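Chain by chain, the residues:
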Amino acid sequence: MAEIQLRNISKRWGSFVGVNNFDLTIADKEFLVLLGPSGCGKTTTMRMIAGLEDTTEGDILIGGKRVNDLEPKDRDIAMVFQSYALYPNMNVYENIRFPLKVRGTDPSTHKERVLQAAERVELLDFLDRKPAELSGGQRQRVALARAIVRKPKVFLMDEPLSNLDAKLRVSTRAQIKNLSHDLAATTIYVTHDQIEAMTLADRVVVMKKGVVQQVGSPTEIYDTPANTFVASFIGNPAMNLVDGVIEGGVFKAQNSVIPGLDAPDGPVTLGFRAEDANVVESGGEINAPIYTMELLGDATMVSVRIGGALVAVKADKNYRAEIGDQVSLHVHTDHCHLFDATTGERMGP
Amino acid sequence: MASKAQQAPAYLRIVTVAFVVLWLLVAAFPFLWTLWGSFKVELDFFSKADWMNALTGPRTLAEKGSPFTTDGYYGAWVQEEFWRSAINTTLVCFFVVCTSLTIGTLGGYALSRSGYRYTFWLLITALIFRAMPPITLVSGYLLPFFEWNLWGHLATTIIVLVAINQPFTLWMLYSFFQKIPKELDESAKVDGCTQFKAFRHVIIPVMWPGVITTGLFSFLLAYNDFAVTAMLLSKENQTMVPKIASFLGTTQTEGNVMFAVAAVVSATVPLFILVMFFQRQIVSGLTQGAVKG
């Protein structure tokens, strides 16, 4: 059992707040992703769990035991660093074996366990190489193997894919997901890439400036973002956000009149996703000149400008038009989200 | 492999090669001259009549029956017991290097991993002490050393040399440690090391080129030191450099200058061997820092 409890943990450096009042219980065997832009405190949170950073306030419990005062080595965790942090003087075999060696586990089991871990990440052919002789993807797999060789209670991964090229990232992502499923350990994964978060996570924590914005399953976060920050951070493209006013259930903004919205009168921010609208011949709720067109292969992305905001809509892949052409867009009002114009918080369900 | 476009014109290549050869000759000349001259008698090496005598050695031939003589070496090593100085130098260098490297690696590591502001001021203070000429410190030491009967011993000199060396070793090792990413320590700690184990098993193996380079520089400072050793050592405890100076100081007796010349050559040989032996580590230590990739 390795349930992790974070009880109102905070991290401050002088007057600078790194993490503010983070309170969460991470279930045993859960894959939790901490997501946010750089400087949002996600890595700091992970480092506090690892014991590489002290908490200013709050308690961290792993498996029901308070670990605040324990050294990293005594927390039964394994960590994959963004820079991999392989030991440059040791070959791959020795790198993977290192956690077993320094913890004094029975030496007769080392070889078998190292080979097993290396096989899991397809490194058997490289055991004699030094890290400097490996490619980025291979180094990353050594770091993974080193983490899994000991079968710890908790895996911590700090942006493990960010130094890989796009293609390798996809395959390694799949590998990590598969590994974590097989090993059934509690995993905390830090990333700024929302696609990684969506694909890997059981639950996602979206953070901004040290404060948790929303905690939920990828679907919840995608379908019901708690505020405009989450809405603009999740999804590709991000949710369209248009500032306007509600007058008698009708949303009004430049070039846009969207009826059928159940909300009190006043200024609001309207949000909808690119796939929740489509291009129509005429009579759509938004009528504006095309700002840009992007061919994605499976679809065509049509963008218009409303006020300052860029609004992207997914059209059929065969849709063609010129920049500047007038276009009419139909918005599916049942998939619209309304946010408070000043706080950005979600209104209604 | 070089394509035509990359090839320098022939005259340019000749000029550059000629320049390098010339530079090498100029740089090596004093040593080669001394080496050659050390096998002559004083009247040849310091001949007023004709400088060519130092090369041909007519006096040496006339006095010793051969153009080369090892009298200088015999006089220095056997007659004047230069071997005692060699042993003293060995002792001084060994202990200075060991002590300053031990303190330097531990201190440099601690400073490089410390998040506190004062580390900067500690290092700046160290730099100031390093910038001072050693002689300014030595004159201050003399009186208390006489009073407390510490003057003249090797141990005292070793401590003073370590004190003078330490800022430099600390700085140099600090900058080597700075180049080792902190993730390496952290990874080791997560993998099951204490801070000290991480230092010993992970950081030090990566640091070897840096430690060897620093050790060599520390060695050279101790080996070549004159100010401290000349002022603080009694005659029987003298190391090589002040001993050579004392050979030179007695010009009234013929031959002693040749002892000095022979001793100088003897003192240079170990340095050559050392640099040759460690050249790979030194070059990698000086150029790329300790780790790459």
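It should be emphasised that the depicted structure is a prediction, and the values quoted were computed from it without experimental measurement.

Caption draft 1: Looking closely at the overall build of chain A. If you tally the helices and strands in chain A, you get 8 helices and 21 strands. Referenced to the eigenvectors of the C-alpha coordinate spread, the extents of chain A come out at roughly 75 × 45 × 35 Å. Burial statistics for chain A: of 349 residues in total, 41% are counted as buried. Long-range pairs, those at least 24 residues apart, make up 64% of the contacts in chain A with a sequence separation of at least 6.

Caption draft 2: How the structure looks around the overall build of chain B. Across its full length, chain B carries 14 helices and 0 strands. Starting at the N terminus, the α and β elements of chain B follow one another as α-α-α-α-α-α-α-α-α-α-α-α-α-α. Taking 293 residues into account, the globule formula puts the C-alpha radius of gyration at 19 Å, and chain B, at 24 Å, lies well above it. Overall, the C-alpha framework of chain B stretches about 75 × 75 × 30 Å when taken along its three principal axes. In chain B, buried positions account for 35% of the 293 residues.

Caption draft 3: Focus on helix α7 (residues 118-131) of chain B. A rise of 1.5 Å per residue sets the reference length of α7 of chain B, with its 14 residues, at 20 Å; its end C-alpha atoms lie 20 Å apart and thus fit the reference within 8%. The buried fraction of α7 of chain B is low, at 0 of 14 residues.

Caption draft 4: Structural detail: the sheet that holds strand β2 (residues 16-26) of chain A. All names here are of chain A. Taken in spatial order, the 4 strands make up an open sheet running β2-β1-β4-β5, and their pairing is antiparallel. The outermost strands of the open sheet, each flanked by one partner alone, are β2 and β5 (65-66). Relative to strand β4 (residues 57-62), strand β1 (residues 4-13) is paired through 5 bridges, and the arrangement is antiparallel. Within the sheet, the bridge partner assigned to R7 lies in β4 and is D59.

Caption draft 5: Up close: the interface of chain B and chain A. Listed per partner, the contact involves 19 residues of chain B and 20 residues of chain A. Looking at the side of chain B that touches chain A, the elements with two or more residues in it are α10 (182-191) and α11 (195-224) of chain B. In terms of residue count, α10 of chain B provides more of the side of chain B that touches chain A than any other element does, 7 residues in total. Classifying every residue of the side of chain B that touches chain A by side-chain character gives 8 nonpolar, 5 polar and 6 charged.

Caption draft 6: Region of the structure containing the nonpolar core. Within the largest apolar cluster, 132 residues are counted, with the highest numbers of intra-cluster contacts made by A145 and L156 of chain A. In terms of nonpolar packing, the next biggest core, distinct from the first, is built from 17 residues, V41, L43, F45 and A263 of chain B among them.

Caption draft 7: Representation of the UniProt feature "transmembrane region" (unreviewed entry) in chain B in the model. All names here are of chain B. The sites that carry the UniProt feature "transmembrane region" (unreviewed entry) are, in the present numbering, residues 12-36, 86-111, 118-142, 154-177, 198-223 and 257-278. Between the end C-alpha atoms of residues 12-36 there is a gap of 34 Å, over a span that is 100% helix and 0% strand. The span residues 118-142 is 92% helix and 0% strand, and its two end C-alpha atoms sit 32 Å from each other.

Caption draft 8: A look at the packing of helix α2 (residues 92-102) of chain A against helix α4 (residues 136-148) of chain A. All names here are of chain A. It is at 7 Å that the axes of α2 and α4 come closest, and there the two elements cross at 30°. Looking at the two axes, α2 sits roughly parallel to α4. The way α2 lies across α4 gives a crossing that is right-handed. Along the contact surface, α2 presents V92, N95, I96, F98 and P99, while α4 presents V142, A145 and R146.

Caption draft 9: Representation of the environment of S38 of chain A. If you trace the backbone, S38 of chain A turns up in the loop between β3 (31-35) and α1 (42-50). Put simply, S38 of chain A and K208 of chain A are 170 residues apart on the chain and 8.8 Å apart in space, counted from C-alpha to C-alpha.

Caption draft 10: Local environment of the sheet that holds strand β7 (residues 154-158) of chain A. Residues and elements named next belong to chain A. Read from one edge of the open sheet, 6 strands run β6-β7-β8-β3-β9-β10, paired in mixed fashion. Looking at which strands have only one partner, the edges of the open sheet turn out to be β6 (77-80) and β10 (211-216). The sheet shows a mean angle of 15° between the axes of neighbouring strands, direction not considered. As judged from the 5 bridges shared by strand β9 (residues 203-208) and β10, these two strands associate in the antiparallel manner. Pairing of M207 across the sheet is with V212, part of β10.

Caption draft 11: Just the domain arrangement of chain A, in detail. Looking at chain A, the domain boundaries give domain 1 (4-231) and domain 2 (238-347). Looking at the side of domain 1 of chain A that touches domain 2 of chain A residue by residue, the class counts come to 4 nonpolar, 2 polar and no charged.

Caption draft 12: View of the domain arrangement of chain B. Residues and elements named next belong to chain B. What the domain assignment lists for chain B is domain 1 (37-69) and domain 2 (84-287). Here the C-alpha centroids of domain 1 and domain 2 sit 39 Å apart. Counting from both sides, the interface comprises 6 residues of domain 1 and, opposite them, 7 residues of domain 2. When the residues that make up the side of domain 1 that touches domain 2 are grouped by side-chain class, the tally is 3 nonpolar, 2 polar and 1 charged.

Caption draft 13: Representation of the pairing of β3 of chain A in the model. All names here are of chain A. Most of β3 is tucked away, with 5 of its 5 residues classed as buried. Side chains F31, V33 and L35 of β3 all project onto a buried face; the interleaved residues L32 and L34 project onto the opposite face, where all are buried too. In this sheet, strand β8 (residues 186-191) lies alongside β3 in parallel orientation, the contact comprising 5 bridges. Pairing of L32 across the sheet is with I188, part of β8. Where β3 and β9 come together, 4 bridges link them in parallel fashion. If you follow L32 over to β9, its bridge partner there is R203.

Caption draft 14: Structural detail: unusual backbone geometry. Residues and elements named next belong to chain A. Omega for the peptide link from N236 to P237 comes to 0°, which places this bond in the cis form. Topologically, P237 is positioned in the loop between α8 (228-233) and β11 (240-247). Unlike most non-glycine residues, N8 shows phi in positive territory, near 45°. Note on placement: N8 falls in strand β1.

Caption draft 15: Just the pairing of β6 of chain A, in detail. Residue and element names in this part refer to chain A. With burial as the criterion, each face of β6 is covered, one bearing I77 and M79 and the other bearing A78 and V80. Pairing between β6 and β7: 4 bridges, direction parallel. When the sheet's bridge partners are listed, M79 is paired in β7 with L156.

Quick notes on the rules
- Residues numbered from 1 in each chain as written.
- Chains lettered and ligands numbered in written order.
- Predicted model: local features only at pLDDT ≥ 70, side-chain atom pairs only at ≥ 80, totals over all residues.
- Helix = DSSP H or I, 4+ residues; strand = E, 2+ residues; numbered from the N terminus.
- Buried ≥ 20, exposed ≤ 12 C-beta atoms within 10 Å, placed from the backbone.
- Contact = placed C-beta atoms within 7 Å.
- Rg over C-alpha atoms; globule rule 2.2 N^0.38 Å.
- Expected span 1.5 Å × (residues − 1).
- Pairing = 2+ DSSP bridges.
- Nonpolar A, V, L, I, M, F, W, Y, C, P; charged D, E, K, R; others polar.
- Core = buried A, V, L, I, M, F, W, Y, C linked by C-beta atoms within 7 Å.
- UniProt positions renumbered as here; feature names shortened; annotations may be inferred.
- Axes fitted to C-alpha atoms, helices over the stretch in contact; angles between N-to-C directions.
- Parallel < 35°, antiparallel > 145°, perpendicular 65-115°, else oblique.
- Left-handed = near helix turned anticlockwise from the far one by under 90°.
- Domains from an automatic or database assignment.

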